[in-house]
Amino acid sequence: MNERDSERSVSQTVRAQLALRDLILSGRLRSSERISELQAVEITGVSRTPVRLALVRLEDEGLLQAIPSGGFMVKAFTERDILDSIELRGTLEGLAARFAAERGASARSLEPLKECLADLDQLVRQDRVSEEVFSAYVTLNARFHALLTELSASAPLIREIDRVSALPFASPSGFVMAQSALPEAHQILLIGQDHHRIVLDAIENREGARAEAVMREHSRLAARNLRLVLRNRGHLELLPALALLKSATAE
């Protein structure tokens, strides 16, 4: 295989991986539903070798489970699985914030983070926080977390944060859209934004322990959101992936 063919194969694998992940997290592929290589080829329009690699990657992410008879099955998750994933992300992001503080992020490297913080401020300060505002918040929030992770200047840590953030519901904005219809929505956004502001201040002042503690606490907002969404099941259509969640009795 020449270099061009290799690049094309990688591109097709990523395409298939993203397409299949979207089907799972949108609820169109249900928990315990079986998916074969041939079915995945038909769904994605990608050839068998890249599809096979994509399925293995989704197994690594924890979305699929290989079955002895061949093919894969969409996994179901307990509430504890999700809370553990959120806690793991918070631990890693806390370490990233501590590295950024202790290694002395430059004023120049902090500028994009400050600009993102200012853009987030404009959103959360609005009197009426609509679904459109929440959608914009998701994008900016993901950017803030990505920029903060990059400030750690640790390639292994960045890689592990990317990996854990791909776990179901573990990303920084995993529950934001489902939260948008809840009475507590605006309050939670304000708390999250205050965490953003404090961690930036801690990094600027090279307070590693403080930066780490704030980011670990910040991740627990996602756990709070999960509990609120499960308690207000009338808005579950905003997070179809919760169809992957086992009932408490199944745990």
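Residues numbered from 1 in each chain as written. Predicted model: local features only at pLDDT ≥ 70, side-chain atom pairs only at ≥ 80, totals over all residues. Heavy atoms only, no water.

Peer 1: An account of the nonpolar core is needed here, citing residue identities and associated values.
Peer 2: Counting 34 residues, the largest nonpolar core has Leu110, Leu113, Phe144, Leu148, Val199, Ile203 and Ala211 as the members making the most contacts within it. Looking at this core, the elements with two or more residues in it are α4 (79-102), α5 (107-124), α6 (131-150), α7 (155-165), α9 (185-204) and α10 (208-231). In this structure, Leu23, Leu29, Leu55 and Phe77 belong to the second largest nonpolar core, which totals 24 residues. (Core = buried A, V, L, I, M, F, W, Y, C linked by side-chain atoms within 4.5 Å. Buried < 20%, exposed > 50% of the residue type's maximum accessible area, 1.4 Å probe, protein only. Helix = DSSP H or I, 4+ residues; strand = E, 2+ residues; numbered from the N terminus.)

Peer 1: A description of the packing of α4 against α7 should follow, citing residues and the corresponding values.
Peer 2: Where α4 meets α7, the closest approach of the two axes is 10 Å, and the angle between their N-to-C directions is 155°. By the angle between their axes, α4 is roughly antiparallel relative to α7. Helix-helix and strand crossings are classified by hand; for α4 and α7 the assignment is left-handed. Along the contact surface, α4 presents Ser85, Leu88, Arg89, Leu92, Glu93, Leu95, Ala96 and Phe99, while α7 presents Leu157, Glu160, Ile161, Val164 and Ser165. For the contact of α4 with α7, the residue count by class is eight nonpolar, two polar and three charged. (Axes fitted to C-alpha atoms, helices over the stretch in contact; angles between N-to-C directions. Parallel < 35°, antiparallel > 145°, perpendicular 65-115°, else oblique. Left-handed = near helix turned anticlockwise from the far one by under 90°. Contact = heavy atoms within 4.5 Å. Nonpolar A, V, L, I, M, F, W, Y, C, P; charged D, E, K, R; others polar.)

Peer 1: Please provide a residue-by-residue account of unusual backbone geometry, values included.
Peer 2: With a phi close to 55°, alanine 153 is a non-glycine residue in the positive phi region. Topologically, alanine 153 is positioned in the loop between α6 and α7. Overall, alanine 153 belongs to the exposed group, its relative accessible area being 61%. Positive phi values are uncommon outside glycine, yet arginine 206 reaches one of about 55°.

Peer 1: Which residues make up the sheet that holds strand β3 (residues 72-74), and what are the values?
Peer 2: Sheet architecture is open: three strands sit in the order β1-β3-β2, paired in antiparallel fashion. Unpaired on one side and paired on the other, β1 (34-35) and β2 (64-66) mark the two borders of the sheet. The pairing of β1 with β3 spans two bridges and is antiparallel. Across the sheet, arginine 34 pairs through a bridge with methionine 73, a residue of β3. Across the sheet, helix α3 (residues 48-61) lies against β2 and β3, angled at about 110° from β2, the strand it touches most. (Pairing = 2+ DSSP bridges.)

Peer 1: Which residues make up the layout of surface pockets, and what values go with them?
Peer 2: Roughly 170 Å³ of internal volume is contained in the second largest pocket. In this structure, the second largest pocket is lined by Glu93, Ala142, His145, Ala146, Thr149, Glu150, Ile158, Ile161, Asp162, Ser165 and Pro172. The set of elements that each furnish at least two residues to the lining of the second largest pocket consists of α6 and α7. For the lining of the second largest pocket, the element with the most residues is α6, which contributes five residues. Residues of the lining of the second largest pocket, tallied by class, amount to five nonpolar, three polar and three charged. (1 Å grid on protein atoms, 1.4 Å probe; cavity = no way out; pocket = protein on both sides within 12 Å on 5 of 7 lines; lining within 4 Å. Points joined across faces, edges and corners; volume = space filled by probe spheres on them.)

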